[in-house]
Each structure stands twice: as structure tokens, then as C-alpha cells.
Amino acid sequence: ALFDSGKGSARSWLAQVTYHRAIDRRRQLMSRRFYSSVELEEAILRSEEPLGLTTLYDDTVEAVLGKDTLRRIDESLSDDQRKVIHLHFVDGYTVAEIAEIIGQSVGNVRNHYYRGLEKMRREVFAKNISRK
């Protein structure tokens, strides 16, 4: 019922919902001290399947967009935008947590986040338009 085909594909919607649910679950478990990073690292080291084999290259952002587009996206971002987006999407921090980490106001962090996302969108859509 939440899916709107006018806003994007089912695949991208599902990936976004899955990502946000995983981050929410991680934060919930971290707040309850369900596991520590040491336990996670030990579990990873003990796992039978190498980490490199669990992710297929064809499903990566690099495979979909290409190295040149990723480099162009990275170069289009300011240092603050790059840092904020990395902390949010890769490390899973909230805007308030990022503000504390980088020593800026929440408003500044939101500004870096949204302007960075807009620059990234422009680069991705420019790539898609040039393919046609």
C-alpha cells in the first residue's frame, strides 16, 4: 500500500525500505547493547563464506553507474557534503549524531546532506540522459 509507482521502480523502493529497516534495527540493537563491535568482528572472522563472495559485483553502485560517474559524483560534492553523506549512509548515524561528530549545527548538517543528495541526483540523471 505504501508503494507509489509514480515515484520510482519497485526494485529501488524495496531496496530503500530494506535499507531503512536494517538501519533502524541496528540502532535498536545498539541502544540495547545487544552486541559489541568486538563480537561482530569475531563473528565475521569466524564466518565460513568470505565477505567478498557475498556481494555480487553486478549489484554494486559501481557496476550500475560506472567508475567515471562515481568519480564525477565524488568530485561534485564538497568535503562537508561527502563527510555527512558517508556518515549517514555508510556508518548509519542520524543527523543529530553527525552534527555532534563534526562539530556543526543540525541545520548545517541537514543543509550539507540535502545539497549533497541533490548534486548526486543531478550527476546520476545526467548519466542516464546521456545514455539515450
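Residues numbered from 1 in each chain as written. Predicted model: local features only at pLDDT ≥ 70, side-chain atom pairs only at ≥ 80, totals over all residues. Heavy atoms only, no water.

Each helix and strand in the protein chain was counted, giving eight helices and zero strands. If you list the helices and strands of the protein chain from N to C, you get α-α-α-α-α-α-α-α. Considering the protein chain as a whole, with its 132 residues, one finds that 17% of them fall into the buried category. A sequence separation of at least 24 residues applies to 55% of the contacts in the protein chain between residues at least 6 apart. Roughly 10400 Å² of accessible area belongs to the protein chain as shown, and the carbon and sulfur atoms make up 55% of that amount. (Helix = DSSP H or I, 4+ residues; strand = E, 2+ residues; numbered from the N terminus. Buried < 20%, exposed > 50% of the residue type's maximum accessible area, 1.4 Å probe, protein only. Contact = heavy atoms within 4.5 Å. Areas by Shrake-Rupley, 256 points an atom, 1.4 Å probe, with all protein chains shown as cover.)

One can find glutamine 81 in helix H6 (residues 79-89). Polar contacts involving the side chain of glutamine 81 include one to the side chain of lysine 119, which spans 3.3 Å. Excluding residues that lie within four positions of it along the chain, glutamine 81 makes contacts with Ser76, His112, Arg115, Gly116 and Lys119. (Polar contact = N/O pair within 3.5 Å; in protein donor to acceptor, adjacent residues only side chain to side chain.)

We now examine helix H7 (residues 95-102). Every buried residue of H7 is accounted for by Ile98, Ala99 and Ile102. For H7, the buried positions fall inside an angular range of 105° around the axis, keeping them on one side. One or two residues past the end of H7 sits glycine 103, with phi positive at roughly 70°. (Arc of directions from axis to C-beta.)

Our focus in this paragraph is the packing of aromatic side chains. The final tally for this structure, using the stated rule, is four aromatic pairs. Here tyrosine 113 and tyrosine 114 contribute two aromatic rings whose centre-to-centre distance is 5.0 Å and whose plane-to-plane angle is 80°, an arrangement assigned as edge-to-face. Tyrosine 113 gets classed as buried once you look at its relative accessible area, which sits at 14%. Clustering of aromatic rings is evident, with ring pairs tying together Tyr19, Phe89, Tyr113 and Tyr114. (Phe/Tyr/Trp six-rings, centres within 6.5 Å; stacked < 30°, edge-to-face > 60°.)

Moving on, we come to a nonpolar patch on the surface. Judged by side-chain polarity, Leu2, Phe3, Trp13, Leu14 and Val17 come together as a nonpolar surface patch covering roughly 470 Å² of accessible area. Within the secondary structure layout, tryptophan 13 lies in helix H1 (residues 10-31). Its relative accessible area of 30% is what places tryptophan 13 among the partly exposed residues. (Patch = residues over 30% accessible without salt bridge, like charges linked within 9 Å, V, L, I, M, F, W, Y side chains within 5 Å. Salt bridge = Lys/Arg side-chain N within 4 Å of Asp/Glu carboxyl O.)

Mapping methionine 120 onto the fold places it in helix H8 (residues 106-131). Separated by 44 residues in sequence, methionine 120 and serine 76 place their C-alpha atoms 7.8 Å apart. Among residues more than four places away in sequence, those in contact with methionine 120 are Ile73, Leu77 and Ile85.

Before going further, it helps to spend a moment on the packing of H6 against H7. Following both chains from N to C, one finds H6 and H7 inclined at 130°, their axes separated by 10 Å at the closest point. It follows from the interaxial angle that H6 and H7 lie oblique. Handedness of the crossing formed by H6 with H7: right-handed. Across the interface between the two elements, Lys83, Val84, Leu87 and His88 of H6 pack against Ile98, Ile101 and Ile102 of H7. (Axes fitted to C-alpha atoms, helices over the stretch in contact; angles between N-to-C directions. Parallel < 35°, antiparallel > 145°, perpendicular 65-115°, else oblique. Left-handed = near helix turned anticlockwise from the far one by under 90°.)

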